[in-house]
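Overview (structure and organization)
What follows is the residue order along each chain.
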Amino acid sequence: MTQTQCAHSLAFISCDPTVVPNPDTPCKRCQHPGPKGNWFCLSCKDIFCCTSVNGHFRQHYEKTKHCLCVNCSTKSIYCCSCSKTLDAQVIQQLWIKGRSTSSKLESIDVMIVDVIDLLSKPFPSINVHPQLDAQSFVGQDKLALAKEGLQKIFDNGLIAVGDPKVQEKFLLYSATLLSAESCPSELKVNLSSFRCNLPEETSTFIKAQDELKVASDLSASITQKKFVVRQQTSKYDEVKKEIVASDEKVSNFKAMIKELKAQIKRLEACLATEKSNRAKNNEAIDSIEKQVTTARDGLVSDLAQVSSMEGSTQAAKELVARKQSDWDNLKLSFTKFA
């Protein structure tokens, strides 16, 4: 049975239904050459053998719900869901109208796959706040001032040593501390080591700190973008379902409109017939009216004539009666004589 279109016509077409591969193109699964006519899927563009061979297109439909296909030999379009053959010309027009929407969905689908692939890749967690050990000092007089100055510098953090003036104070205070006999040997070793190439080491630290800041901002940006992508992907899935459902509704409405147009056409034909019958009845009424009028006028004339002939009619009746009596008597006399 052939019909113009079905509810799946627009939702499951992703390629031109008139551009069909060669009839000898083999089945994707069993490599059947297709002299009986393999089927070309209008959704994923793969070719599968028919039910009379190995039924691979039917299996493909049951697995993917790709219901629309074209016979590579006959070029006829069939819907597995509706079990009906469709009008190829109408289906092509629907594909042309819906191509912009379908292409857009395809491009978004590809982009979503790429983004999901990016999200599946791990990215390093970055600790941007390393813990720094601070030293405590005890002392008095000049030594006490040096300790107090160093303590303030330590409290402000290593980042403060990037300032040349702070570096100068640090070198002065640390020299005082190193000259004190009470300074522990371990502290002297650490101070002496830190004082060496202090500008270069501090510059390196600040640069590393900046890099950590960039990495921290990048990490936060990635986290934010992940959230946005997941959120928009979810919305996209919902909107895509609504688009497909809307396309099916539009197809159904078009089919309903077509049926209503057919009904209107049938009703218009019935109306034309009734108008013709009404015209014939009007003609019959006019004829009846004319005949009744003629009969009525004749009847009036006849009645008037009968009324005017009433006296002569009575005389005629009496004459006829006498003549009939005379005739009957004559006949009787003749009969007796004979």
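Because the structure is a prediction, the values reported are computed rather than measured. (Residues numbered from 1 in each chain as written. Predicted model: local features only at pLDDT ≥ 70, side-chain atom pairs only at ≥ 80, totals over all residues. Heavy atoms only, no water.)

1. Brief notes about the overall build of the chain
This is how it is decided: The helix and strand labels rest on DSSP assignments: H or I over at least four residues marks a helix, E over at least two residues marks a strand, and numbering proceeds from the N terminus. A simple rule labels every residue: compare its accessible area, found with a 1.4 Å probe on the protein chains alone, to the largest value its type can have, and call it buried under 20%, exposed over 50%, or partly exposed in between. Accessible surface area values rest on a Shrake-Rupley calculation with a 1.4 Å probe, where residue burial reflects the displayed protein chains alone.
Along the chain, the regular secondary structure elements total 7 helices and 6 strands. Scanning the chain from its N terminus toward the C terminus, one meets helices and strands in the order β-β-β-α-β-β-β-α-α-α-α-α-α. Looking at the chain residue by residue over its 338 residues, the buried ones come to 23%. Accessible surface, the chain as shown: approximately 23,700 Å² in total, 58% of it carbon and sulfur.

2. A few points about a nonpolar patch on the surface
Just so we agree on the cut-off: Within this analysis, patches are made of residues with over 30% relative accessible area and no salt bridge. Like charges are joined at 9 Å or less; nonpolar side chains (Val, Leu, Ile, Met, Phe, Trp, Tyr) at 5 Å or less. Put simply, a salt bridge is a Lys or Arg side-chain nitrogen that is within 4 Å of an Asp or Glu carboxyl oxygen.
Residues F253, M256 and I257 make up a contiguous nonpolar surface patch of about 310 Å² in total accessible area. Among the structural elements, M256 can be located in helix α6 (residues 198–308).

3. Let's talk about the UniProt feature "coiled-coil region" (unreviewed entry) in the chain
Note the threshold: UniProt positions are given in the numbering used here, feature names are shortened, and annotations may be inferred rather than shown by experiment.
Following the UniProt record, one finds the feature "coiled-coil region" (unreviewed entry) at residues 250–277. For the annotated span residues 250–277, helix accounts for 100% and strand for 0% of the residues, and the straight-line distance between the end C-alpha atoms is 40 Å.

4. Considerations on the nonpolar core
The criterion, for reference: By convention a nonpolar core is built from buried Ala, Val, Leu, Ile, Met, Phe, Trp, Tyr and Cys residues, the set being connected through side-chain atoms within 4.5 Å.
By size, the foremost hydrophobic cluster in this structure holds 24 residues, and its most contacted members are F40, L42, F57, L68 and L86. The next biggest cluster of nonpolar side chains, apart from the first, holds 12 residues, and it includes V166, L177, L191 and L198.

5. Some details on the side chain of H66
Our working rule: Throughout this description, a polar contact denotes any pair of N or O atoms lying within 3.5 Å of each other; where both atoms belong to protein, one of them has to be capable of donating a hydrogen while the other can accept it, and for residues adjacent in sequence the pair is counted only when both atoms sit in side chains. Any pair of residues with heavy atoms lying within 4.5 Å of one another is described as a contacting pair.
Looking at the element boundaries, H66 is found in the loop between α1 (56–64) and β4 (68–71). Polar contacts involving the side chain of H66 include one to the side chain of H60, which spans 3.4 Å. In contact with H66, not counting residues within four places along its chain, are C41, S43, C44, F57, H60 and Y61.

6. Overview of the packing of helix α4 (residues 164–179) against helix α5 (residues 185–195)
Applicable threshold: Axis lines are fitted to C-alpha atoms, over the contacting stretch for helices. Their N-to-C directions set the angle, which ranges from 0 to 180 degrees. Oblique is the label for every angle not falling under 35 degrees (roughly parallel), over 145 degrees (roughly antiparallel), or within 65 to 115 degrees (roughly perpendicular). By definition, turning the near helix anticlockwise from the far helix through less than a right angle yields a left-handed crossing, and turning it clockwise yields a right-handed one. Residue type decides the class: Asp, Glu, Lys and Arg count as charged, Ala, Val, Leu, Ile, Met, Phe, Trp, Tyr, Cys and Pro as nonpolar, and the leftover types, Gly among them, as polar.
Look at α4 against α5: their axes get within 10 Å of each other, and the N-to-C directions meet at 150°. Here α4 is positioned roughly antiparallel relative to α5, judged by the angle of their axes. Judged by the twist between their axes, the crossing of α4 over α5 is left-handed. Contacts between α4 and α5 involve F170, L171, S174, A175, L177 and L178 from the former and L187, K188, L191, S192, F194 and R195 from the latter. Looking at the contact of α4 with α5 residue by residue, the class counts come to 8 nonpolar, 2 polar and 2 charged.

7. Quick notes on the environment of Q89
Within the secondary structure layout, Q89 lies in helix α2 (residues 88–120). Judged by its relative accessible area of 55%, Q89 is exposed. Residues Q89 and P17 lie 72 residues apart in sequence; the distance between their C-alpha atoms is 8.9 Å.

8. Thoughts on the packing of aromatic side chains
Using the following cut-off: Any two rings among Phe, Tyr and Trp, with Trp reduced to its six-membered ring, count as a pair given centres within 6.5 Å; such a pair is stacked if its planes are under 30 degrees apart, edge-to-face if over 60, and tilted if neither. In our convention, an over-ring charge means Lys NZ or Arg CZ found within 6 Å of a ring centre and within 35 degrees of that ring's normal.
All chains considered together, the criterion is met by 4 aromatic pairs. Arranged with centres 6.2 Å apart and planes meeting at 55°, the rings of W39 and Y78 form a pair that is tilted. In this pair, W39 is assigned in strand β2 (residues 39–41) and Y78 in strand β5 (residues 77–79), connecting sequence segments 39 residues apart. Given the relative accessible area of 23%, Y78 is considered partly exposed. Look at F48 and F57: their rings are 6.1 Å apart centre to centre, the planes differ by 65°, and that puts the pair in the edge-to-face class. A connected cluster of aromatic rings, assembled from ring pairs, spans F154, F170 and F194. Taking the ring centre of Y61 as reference, the NZ or CZ of K65 above it sits at 5.5 Å.

9. Focus: unusual backbone geometry
Look at K65: it is not a glycine, yet its phi comes out positive at around 65°. Here K65 is to be found in the loop between α1 and β4. Notably, S83 is not glycine yet its phi reads approximately 60°, a positive angle.

10. Digging into the pattern of salt bridges
A side chain of one charge can pair with a side chain of the opposite charge when the charged atoms of the two come close. Applying the stated criterion across every chain yields a total of 3 salt bridges. Its salt-bridge partner being D46, residue K28 comes within 2.9 Å of it at the nearest N-O pair. In this pair, K28 sits in the loop between β1 (2–3) and β2 while D46 sits in the loop between β2 and β3 (47–48), placing the two residues 18 residues apart along the sequence. Owing to a relative accessible area of 21%, D46 belongs among the partly exposed residues under this scheme. Between E259 and R266 there is a salt bridge, with the nearest N and O atoms lying 3.5 Å from each other. Judged by its relative accessible area of 39%, E259 falls in the partly exposed class.

11. Remarks on the state of the cysteines
Put simply, the test is: The disulfide definition used here is simple: a pair of cysteine sulfur atoms within 2.5 Å.
Counted according to the given criterion, the structure contains 0 disulfides. Lacking any disulfide linkage, C67 is separated from the closest cysteine sulfur, that of C79, by 4.0 Å. C79 takes part in no disulfide bond, and the closest cysteine sulfur, belonging to C82, lies 3.7 Å away.

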